[in-house]
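# An overview of the molecular structure
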Amino acid sequence: MAKRRRRAVSWAAALSASVLLVTACSGDPRGGDEDVVLIGVSLPLTGDFSEPGKGVQRGYEAWVESVNRDGGLLGRRVELKILDDQSAADRVVQDYEALIALHEVDLVFGPFSTRLVIPSARVAEEYGMLFVEPAGAANEVFEQGFENLFYAAPAIANDHYDHLADHILSLPEDERPQTVAVASMDDPFAQSTAYGLRDRLREGGLEIVVDEEYPPNTTDFSSIAAKINASGADMVVGGTQYQDAVNIIVQLRQLDYQPKLAAFSTAPTNPEFSAAIGSRTEGIVSPTGYTPDAPYPSNVEFVELYREMFGTPPAEDEANAYTTGQVVAAAVEAVGCAEQGECQERLVDWLHENEVETIVGPLSWDGQGRPEGAHLIQQYVDGEIRIVLPGETGEAEFLYPKPEW
């Protein structure tokens, strides 16, 4: 995997928000400490993706704390350099150029959002760096021809709702929802989750009566909510991140639209979600690759550590970030190196050939970095978000139709 090394571009001083303060300065980025494994990350700590971006930051920081308590990587302490890409694709490119060429980090972790993963993965590929990422789940990510990218979660976005689609289509026709309203952010991940479910349901005979798309910076959803309400759709599907889902639900409730089933991606996994929509969450559905109750030994340790550090249980964004660290650490310990250069190719090759035990279970990948697993379906039941599908993994019974919100 011979990769040409690019010259570092000039860049503005970037805001750091993590373990180390990062500035555009020259000199030894480790302060002369050769016993440090330096990991570079750019995250959307401000802008449209700031809420999940901060969750990813917490997950990375929990992983660093865990690995350092266990002696570090290859006996070296791990430190993070985190830059704020401001949810902007041009900024994330500058950040990874700076992290690799100026700060000379040993390893990189991926950012949040498919919109930011693709341009940053191109930088990593051009420098020949391993690129494990926690949030670029849209199929578009895996159609770029990247050789060094691995998604640290059980399934890609198009397949997130497969268990829900299977369940709905297994119901007798007179018990299923008959009509579906879809609203999705113009974002590859959000669209992939919503459209994967939409297409499965359409193929199964359900009628799509609303199919709306909106820009990422939309705050006024009154016209979309009015269309959904006027359609009287039995089911609403939101291809959402966080604040957009909150705003859509609030406006649908104001119109007293009461669907039999409501599915929104990403937002329901956020610990602030319930309070943001007024605690009327009962019956809302979302896909997830993670539950804090998973019995995997490393997950039990992760949940305990995360509670100790942040006072709450981890959500999916935090878990995917922690999993990213686990995947990279497995390769580093197996190969025995953590630095730029030929080591990176060895790390990539190892991950293509091996399975890694993580807090979300064992992960393995196809040649394009797609994980070869499936997401679970969770739902708010009795005020708590619980796994409901598939049935054999369920922590509660699937609620259908959902109670009024």
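Along every chain, residues carry numbers that run from 1 in the direction the sequence is written. pLDDT decides what is reported in this predicted model: residues at 70 or higher carry local features, side-chain atom pairs at 80 or more are listed and counted, and totals for whole chains, interfaces and linings draw on all residues regardless. Side-chain metrics rest on all non-hydrogen atoms present in the structure, leaving aside hydrogens and water.

### Observations concerning the overall build of the protein chain
- For the protein chain, the count of helices and strands is 11 helices and 14 strands.
- Radius of gyration (C-alpha) of the protein chain: 21 Å, near the 22 Å computed for a compact globule of 405 residues.
- Dimensions of the protein chain along its principal axes, counting C-alpha atoms only, are 65 × 40 × 40 Å.
- Taken across its 405 residues, the protein chain has 59% of its residues classed as buried.
- We call two residues contacting when some pair of their heavy atoms lies within 4.5 Å. Put simply, 71% of the contacts in the protein chain that link residues at least 6 apart link residues at least 24 apart.
- Surface accessibility follows the Shrake-Rupley procedure with a 1.4 Å probe radius. Residue values consider only the protein chains on display as shielding. Working note: accessible area of the protein chain is about 15,300 Å², and carbon and sulfur atoms make up 44% of it.
- Just so you know, the count uses Lys and Arg for positive and Asp and Glu for negative, and it drops His and the chain ends. Where a charge lies is defined by one atom per residue type, namely NZ (Lys), CZ (Arg), CG (Asp) and CD (Glu). If the 28 positive side-chain charges of the protein chain are averaged to one point and the 66 negative ones to another, these points end up 5 Å apart. A helix here means a DSSP run of H or I that spans at least four residues, while a strand means a run of E at least two residues long, and both kinds are numbered starting from the N terminus. All radius of gyration figures rest on C-alpha atoms, and the globule criterion is 2.2 Å times the number of residues raised to 0.38. For every residue, the accessible area obtained with a 1.4 Å probe (protein chains only) is divided by the maximum for its type, and the residue is called buried under 20%, exposed over 50%, and partly exposed between those limits.

### Concerning the sheet that holds strand 3 (residues 107–108)
- Think of it this way: DSSP has to see at least two bridges between two strands before they count as a pair. If you trace the 3 strands from one edge of the open sheet to the other, you get 2-1-3, paired in parallel fashion. At either margin of the open sheet sits one strand with a lone partner, and together these are strand 2 (77–84) and strand 3.
- Two elements, strand 1 (residues 36–43) and strand 3, share 2 bridges in a ladder whose sense is parallel. By the bridge assignment, I39 is partnered in strand 3 with L107.

### Quick word on the packing of helix 1 (residues 50–69) against helix 9 (residues 297–310)
- Angles run from 0 to 180 degrees between N-to-C directions of axes, and those axes are lines fitted to C-alpha atoms, restricted for helices to the stretch in contact. For the pair helix 1 and helix 9, the least separation of the axes is 10 Å and the interaxial angle reads 110°. As summarised for this structure, helix 1 and helix 9 are arranged roughly perpendicular, according to the angle between their axes. The chirality of how helix 1 crosses helix 9 is right-handed. Each of R58, E61, A62, E65, S66 and R69 in helix 1 lies in contact with helix 9, whose residues at this interface are F302, L305, Y306, E308, M309 and F310.
- Of the residues assigned to the contact of helix 1 with helix 9, the class counts are 6 nonpolar, 1 polar and 5 charged. Just so you know how the angles are binned, under 35 degrees is roughly parallel, over 145 roughly antiparallel, 65 to 115 roughly perpendicular, and the rest oblique. By the definition used in this description, the sense in which the near helix is turned from the far one sets the handedness, with an anticlockwise turn below a right angle giving left-handed and a clockwise turn giving right-handed. Each residue receives one of three labels: charged for Asp, Glu, Lys and Arg, nonpolar for Ala, Val, Leu, Ile, Met, Phe, Trp, Tyr, Cys and Pro, and polar for the others, Gly being one of them.

### A word on the packing of aromatic side chains
- Here the aromatic set is Phe, Tyr and Trp, taking the six-membered ring for Trp, and pairing holds for ring centres within 6.5 Å; pairs whose planes are under 30 degrees apart are stacked, those over 60 apart are edge-to-face, and all others are tilted. Enumeration over the complete set of coordinates arrives at 12 aromatic pairs.
- For the pair F302 and Y306, a centre-to-centre distance of 5.9 Å together with 65° between the ring planes defines the contact as edge-to-face. Placement of both F302 and Y306 in helix 9 is noted, with a separation of 4 residues, approximately one turn of the helix. There is no split in this pair, since F302 and Y306 are both buried.
- An aromatic cluster of at least three residues, connected via ring pairs, comprises Y290, F302, Y306, F310 and Y322.
- Here, over-ring charges are defined by two tests on the NZ atom of lysine or the CZ atom of arginine: distance to the ring centre within 6 Å, and angle to the ring normal within 35 degrees. Lying across the ring of Y195, R198 places its NZ or CZ 4.0 Å from the centre.

### Some details on the sheet that holds strand 14 (residues 384–389)
- Taken in spatial order, the 7 strands line up as 7-6-8-9-10-13-14 in an open sheet, and their pairing is mixed. In this open sheet, the two strands that pair with only one neighbour each are strand 7 (207–214) and strand 14. For this sheet, the mean angle separating the axes of adjacent strands, direction not counted, is 25°.
- Where strand 9 (residues 261–264) lies against strand 10 (residues 284–288), 2 bridges are found, and the strand directions are parallel. Paired with A262 across the strands is I284, a residue of strand 10.
- Along the sheet, helix 5 (residues 188–203) makes contact with strand 6 (179–185), strand 7 and strand 8 (235–239), crossing strand 6 at roughly 165°.
- The strands touched by helix 7 (residues 243–254) are strand 6, strand 7, strand 8, strand 9 and strand 10; relative to strand 9, the strand with the most contacts, the crossing angle is about 160°.

### Observations concerning the packing of helix 9 against helix 10 (residues 316–335)
- Following both chains from N to C, one finds helix 9 and helix 10 inclined at 120°, their axes separated by 12 Å at the closest point. Between helix 9 and helix 10, the angle is such that the two are oblique. Crossing geometry of helix 9 relative to helix 10 is assigned as right-handed. Of helix 10, the residues touching helix 9 (which contributes S298, F302 and Y306) are E318, A319, Y322 and Q326.
- A breakdown of the residues in the contact of helix 9 with helix 10 according to their chemical character gives 4 nonpolar, 2 polar and 1 charged.

### Observations concerning the side chain of Q340
- Note that Q340 resides in the loop between helix 10 and helix 11 (342–353).
- Contacts described as polar in this section are N or O atom pairs within 3.5 Å, which, within protein, must combine one atom able to donate a hydrogen with one able to accept it, while residues neighboring in sequence count only if both atoms come from side chains. Engagement of the side chain of Q340 in a polar contact is seen with the backbone oxygen of I100, the distance being 2.9 Å.

### What about the domain arrangement of the protein chain?
- Splitting the protein chain by domain gives domain 1 (36–157 + 294–363) and domain 2 (159–290 + 376–393).
- The interface of domain 1 with domain 2 comprises 26 residues on the first partner and 21 residues on the second.
- Here's the idea: put two parts together, see how much 1.4 Å probe accessible area each one loses, and the total over both is what we call buried area. Carbon and sulfur atoms make up 57% of the surface buried where domain 1 meets domain 2, a total of about 1,900 Å² over both sides.
- A pair is scored as a salt bridge if a Lys or Arg side-chain nitrogen falls within 4 Å of a carboxyl oxygen belonging to Asp or Glu. Our enumeration of links across domain 1 and domain 2 arrives at 2 salt bridges.
- In this structure, R115 engages D186 in a salt bridge whose closest nitrogen and oxygen atoms are separated by 4.0 Å.
- Here domain 1 and domain 2 share 10 residue pairs in polar contact (both at pLDDT 80 or more) between them.
- Of all the secondary-structure elements, those providing two or more residues to the side of domain 1 that touches domain 2 are helix 3 (114–126), helix 9 and helix 10.
- Per-element accounting of the side of domain 1 that touches domain 2 gives the leading share, 3 residues, to helix 9.
- Its residues placed into classes, the side of domain 1 that touches domain 2 shows 17 nonpolar, 4 polar and 5 charged. Domain delimitation in this document rests on an assignment produced automatically or drawn from a domain database.

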